[in-house]
Amino acid sequence: MGHKFNADSVLNGVVTSDPRVPGVVAMVTDREKNIYEGAAGVRRIDGDTAMTTDDVFAIFSTTKAITATAALQLVEEGKLDLDAPASDYAPDIGKLKVIDGFDDAGEPILRDPKRPITTKHLLLHTAGFGYDFFSETYNRLAQEKGQPSVITASKASLMTPLQFDPGDKWEYGTNIDWCGQVVEGITGKRLGEVFQSRIFEPLGIEDMTFELNDSLRKRLAGMHARGEDGSLTPMDFELPDRPEIHMGGHGLYGTVGDYMKFIRMWLNDGMGPNGRVLKPETVVMAEKNHLGEKKIGMLPGVIPSLSNDAEFFPGLLKSWSYSFMVNDEAAPTGRPAGALGWAGLANLFYWIDRANGFGGFWATQILPFGDPVSFVGYLDFESAFYASLKSAKAA
């Protein structure tokens, strides 16, 4: 289908341009196997170790869909009611108040929420939670009140006020971390153990973990900071290797190849090579827009070192499923309406096109999010795939 030629040129282009990305791994899969695997550049810009398709990445928010999958399994088993208060399963979430700004002394003005948070709210990012790098309120709580960052992987980092009453609107935040707490409350196991037995083993995923170890660290792609002038600086960044909380919203490390196995499960109606992960009807239910008339918009970059203003396909209507972004209209890349996708903070991006039976993943390790070189490179990669698909169909 010509994938190799087109995709290789995109990968080589982003690692040789000015400004550039240090290294990138990208893959595309159909329902059976990877049909493209590519790597270009170096693991760290201050070294000469070539990036390989077997390298390990901090996958950040691409963790979220895996946590949602674990929750959907519990729904299938009748152990989780999406409309019940999430505090039935994770009691601490019931302690949280809504913040209505700050008083003259700079103290948070708090009140009880009008309704309880449900796991449905968590899956849809409508519970009221935010992130300090996308929320002025949370950033102020961090700066003035010592609210810990989510990258501390601590329970304290989750005990934030809500920015609005649950269900009122969509805002991206720590919802799926709390969803992980719901899963742990029901199963009585740590999230990593749940993933291992219920998702990773059926899918043949070998190198995905919340707890980075020395063997994986040897293959770890380095993190980089993009300067305002386009320059790159290597960072000695790692999430805690013995985290207090397995953060269902961002905590996993893994390879792109392992993530493709997860994408294939969604393309195959919930089936993995070593067993079923989700029922077909669950997959069909989960992929739909569950936001109703609410839509998702731009993520405003509040902390410039962590995120730029970022949005997929500006001007197109976008909804949310359990738990992916859904583009309601066909995208300029060729991605059809109804396809699923999302991203991770260090400029990792993926899409799942169930209608055509394809999905892809693009991985870099660059902050801030919405890095123009990586983001445009990813869109070019996706566009090159759909162009080759179109020409193959025409032939």
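In the block above lies the structure referred to throughout.
This one's a predicted model, so the numbers in the text were calculated from it and none came from an experiment.

Draft legend 1. View of the overall build of the chain. In terms of regular secondary structure, the chain is built from 10 helices and 16 strands. Relative to its length of 395 residues, the chain is compact, with a C-alpha radius of gyration of 20 Å against a globular reference of 21 Å. Projecting the C-alpha coordinates of the chain onto the three principal axes gives extents of approximately 60 × 50 × 45 Å. Put simply, of all contacts in the chain between residues at least 6 apart along the chain, 70% involve residues at least 24 apart. When the accessible surface of the chain is split by element, carbon and sulfur atoms take 51% of a total near 15100 Å². Side chains of the chain give 38 positive and 53 negative charges; the mean places of these two sets differ by 4 Å.

Draft legend 2. Just unusual backbone geometry, in detail. For the bond running from Asp 18 to Pro 19, omega is 0°, close enough to zero to count as cis. Examined against the element boundaries, Pro 19 turns out to sit in the loop between helix H1 (3–16) and strand E1 (23–29). The omega angle of the peptide bond from Leu 367 to Pro 368 is 0°, so this bond is cis rather than trans. Its location among the elements puts Pro 368 in the loop between strand E16 (366–367) and helix H10 (372–394). Despite not being glycine, Phe 60 shows a phi value in the positive range, around 50°.

Draft legend 3. Focus on helix H5 (residues 175–187). Taking 1.5 Å of rise per residue, 13 residues should cover 18 Å, and H5 covers 19 Å from first to last C-alpha, within 8% of that figure. With 10 of 13 residues buried, H5 lies mostly within the body of the structure. Within the span of H5, buried status applies to Asn 175, Ile 176, Asp 177, Trp 178, Cys 179, Gly 180, Gln 181, Val 182, Val 183 and Glu 184. Those residues of H5 that are buried are in contact with helix H2 (64–76), helix H3 (119–124) and helix H6 (191–203). Backbone geometry just after H5 places Gly 188 at a positive phi near 70°.

Draft legend 4. Here's a closer look at the nonpolar core. The biggest cluster of nonpolar side chains holds 133 residues, and the ones touching the most others in it are Leu 122, Phe 129, Tyr 259, Trp 266, Trp 342, Trp 362 and Phe 381. Of all the elements, H10 adds the most residues to this core, at 9 residues.

Draft legend 5. A look at the environment of Gly 357. Among the secondary structure elements, Gly 357 is positioned in the loop between strand E14 (348–353) and strand E15 (358–363). Classification of Gly 357 as buried rests on a relative accessible area of 2%. A C-alpha to C-alpha distance of 36 Å links Gly 357 and Pro 240, two positions 117 residues apart in sequence. Gly 357 has contacts with Thr 29, Asp 30, Arg 31 and Leu 267, leaving out every residue within four places of it along the chain.

Draft legend 6. Quick peek at the packing of H2 against helix H8 (residues 256–267). Axis separation between H2 and H8 bottoms out at 12 Å; the angle between their running directions is 45°. As summarised for this structure, H2 and H8 are arranged oblique, according to the angle between their axes. Where H2 crosses over H8, the handedness of that crossing is left-handed. Across from Ala 65, Ile 66, Thr 69 and Leu 72 in H2, the residues of H8 making contact are Tyr 259, Phe 262, Met 265 and Trp 266. Residues of the contact of H2 with H8, tallied by class, amount to 7 nonpolar, 1 polar and no charged.

Draft legend 7. Region of interest: the sheet that holds strand E13 (residues 340–344). Pairing is antiparallel in the open sheet, where 7 strands are placed in the order E2-E1-E15-E14-E13-E12-E11. Pairing within the sheet leaves two strands with one partner each, and these edge strands are strand E2 (34–41) and strand E11 (318–320). This sheet shows a mean twist of 20° between the axes of neighbouring strands, independent of strand direction. Each of E1, E2, E14 and E15 is contacted by H8, which is oriented at about 155° to E15, the strand it contacts most.

Draft legend 8. Spatial organisation of the side chain of Thr 209. Secondary-structure assignment places Thr 209 in the loop between H6 and helix H7 (214–217). A polar contact of 2.9 Å, which involves the side chain of Thr 209, links it to the backbone nitrogen of Glu 211. Here Thr 209 is in contact with Leu 216, Gly 251, Leu 252 and Tyr 253, once residues within four sequence places are set aside.

Thresholds applied
Residues numbered from 1 in each chain as written. Predicted model: local features only at pLDDT ≥ 70, side-chain atom pairs only at ≥ 80, totals over all residues. Heavy atoms only, no water. Helix = DSSP H or I, 4+ residues; strand = E, 2+ residues; numbered from the N terminus. Rg over C-alpha atoms; globule rule 2.2 N^0.38 Å. Contact = heavy atoms within 4.5 Å. Areas by Shrake-Rupley, 256 points an atom, 1.4 Å probe, with all protein chains shown as cover. Lys, Arg positive; Asp, Glu negative; His and termini not counted. Charge placed at Lys NZ, Arg CZ, Asp CG, Glu CD. Expected span 1.5 Å × (residues − 1). Buried < 20%, exposed > 50% of the residue type's maximum accessible area, 1.4 Å probe, protein only. Core = buried A, V, L, I, M, F, W, Y, C linked by side-chain atoms within 4.5 Å. Axes fitted to C-alpha atoms, helices over the stretch in contact; angles between N-to-C directions. Parallel < 35°, antiparallel > 145°, perpendicular 65-115°, else oblique. Left-handed = near helix turned anticlockwise from the far one by under 90°. Nonpolar A, V, L, I, M, F, W, Y, C, P; charged D, E, K, R; others polar. Pairing = 2+ DSSP bridges. Polar contact = N/O pair within 3.5 Å; in protein donor to acceptor, adjacent residues only side chain to side chain.

This is a description of form; function is not addressed.
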